[in-house]
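# Close look at the chain arrangement
Spelled out from the first residue to the last, the chains are:
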Amino acid sequence: MNRLKQWGVLATAASLGAVGVAAFAVAASADGGGGGSKPFTITERLSGFHETPLALSTSGQGSIRLRIDPQAGTIAYTVRYANLEGAVTQSHIHFGSPSQTGGVSVFLCSNLSNGPAGTPACPTTNPGEVSGVLDSSDVIGPAAQGITAGQFSELLAAIRADSTYANVHSTLYPAGEIRNQLSAHEDH
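Note that this is a predicted model, so its numbers are computed, not measured.

### Brief notes about the overall build of the protein chain
Scanning the protein chain from N- to C-terminus turns up 2 helices and 8 strands. Every one of the 188 residues in the protein chain was classed for burial, and the buried ones make up 40%. Considering only contacts within the protein chain whose residues lie at least 6 apart along the sequence, 61% involve residues at least 24 apart. Total accessible area computed for the protein chain in this model is approximately 9,800 Å², and 58% of it derives from carbon and sulfur atoms.

Here it is, written out as structure tokens:
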């Protein structure tokens, strides 16, 4: 290939690359910088069948509802549980993929005095329900998995990647009695 043709091919490739980068930048800004900025809701059922490292056969059941507002940097949540075989001890959102146990990102409630200041107590009634609003000050990690305290955007990215789960722990099953993955199907 002569030099003139080589420069023409290179110039065309560079032009196409610039067009691709520009199109990506326009798409990213249109959805709020990558991932969407509109509020969205996640609702999941919790059961022992989704627990790890082993599934559990338990009468416990529950649900979680998250209303996530990326622009406000908040997650409003409601956790419900019933028929737990042990007394409720705590509930969290963890950073972990399906069939994987991961570290705690945020406390939803705790009766063990191990949550950050402001963590509500888990109702000891069975059935029980707890609600609250989370923001960056509630994100505690897990640092060993790349999310450090206060990194709300990292938690949000993990939620959008279906790499978080919620569970409810009990005295009979301290590692968790009911759980499910949080699947982000954003309603735009």
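Here the narrative resumes.
### Describing the pattern of salt bridges
Tallied over the full model, the rule gives 1 salt bridge. Between R80 and E129 there is a salt bridge; the shortest N-O distance is 2.8 Å. Of this pair, R80 sits in strand 3 (residues 74-82) while E129 sits in strand 6 (residues 128-134); the two residues are 49 residues apart in sequence, bridging distant segments of the chain.

### As for the environment of N111
Along the chain, N111 falls in the loop between strand 5 (103-110) and strand 6. Between the C-alpha atom of N111 and that of C122, which follows or precedes it by 11 residues, the distance is 5.9 Å. In this structure, N111 is in contact with V88, T89, A121, C122 and T124, ignoring residues within four places of it in sequence. Within the local environment of N111, its side chain forms a polar contact with the backbone oxygen of V88, the two atoms lying 3.4 Å apart.

### Thoughts on helix 2 (residues 152-160)
Of the residues making up helix 2, those classed as buried are F152, L155, L156, A158 and I159. Seen along its axis, helix 2 keeps its buried residues to an arc of 160°; they face one direction. D162 occupies a position one or two residues after helix 2 and carries a positive phi of about 55°.

### Digging into the state of the cysteines
Under the criterion given, the structure shown has 1 disulfide. Each sulfur of the disulfide joining C109 and C122 lies 2.0 Å from the other. Its S-S torsion of about 95° marks the bond between C109 and C122 as right-handed, since a negative value means left-handed. Taken together, the residues span a long stretch of sequence, with C109 in strand 5 and C122 in the loop between strand 5 and strand 6 at a distance of 13 residues.

### What about the packing of aromatic side chains?
Each aromatic ring pair is characterised by the separation of its centres together with the angle its planes make. Inspection of the entire model under this criterion finds 0 aromatic pairs. The ring of Y165 is capped by R179, whose NZ or CZ atom sits 3.4 Å from the centre of that ring.

### Things to note about the confidence of the model for the protein chain
Residue-level pLDDT values for the protein chain average 85, and 79% of them are 70 or greater. pLDDT under 50 marks residues 1-34. Its contacts with residues more than four places away, or in other chains, come to 7 contacts.

### Quick look at the side chain of N167
By secondary structure assignment, the location of N167 is in strand 7 (residues 164-170). The class of N167 is buried, set by a relative accessible area of 1%.

Cut-offs used in this document
- Residues numbered from 1 in each chain as written.
- Predicted model: local features only at pLDDT ≥ 70, side-chain atom pairs only at ≥ 80, totals over all residues.
- Heavy atoms only, no water.
- Helix = DSSP H or I, 4+ residues; strand = E, 2+ residues; numbered from the N terminus.
- Buried < 20%, exposed > 50% of the residue type's maximum accessible area, 1.4 Å probe, protein only.
- Contact = heavy atoms within 4.5 Å.
- Areas by Shrake-Rupley, 256 points an atom, 1.4 Å probe, with all protein chains shown as cover.
- Salt bridge = Lys/Arg side-chain N within 4 Å of Asp/Glu carboxyl O.
- Polar contact = N/O pair within 3.5 Å; in protein donor to acceptor, adjacent residues only side chain to side chain.
- Arc of directions from axis to C-beta.
- Disulfide = S-S within 2.5 Å.
- Phe/Tyr/Trp six-rings, centres within 6.5 Å; stacked < 30°, edge-to-face > 60°.
- Lys NZ or Arg CZ within 6 Å of the ring centre and 35° of its normal.
- pLDDT = per-residue confidence, 0-100.

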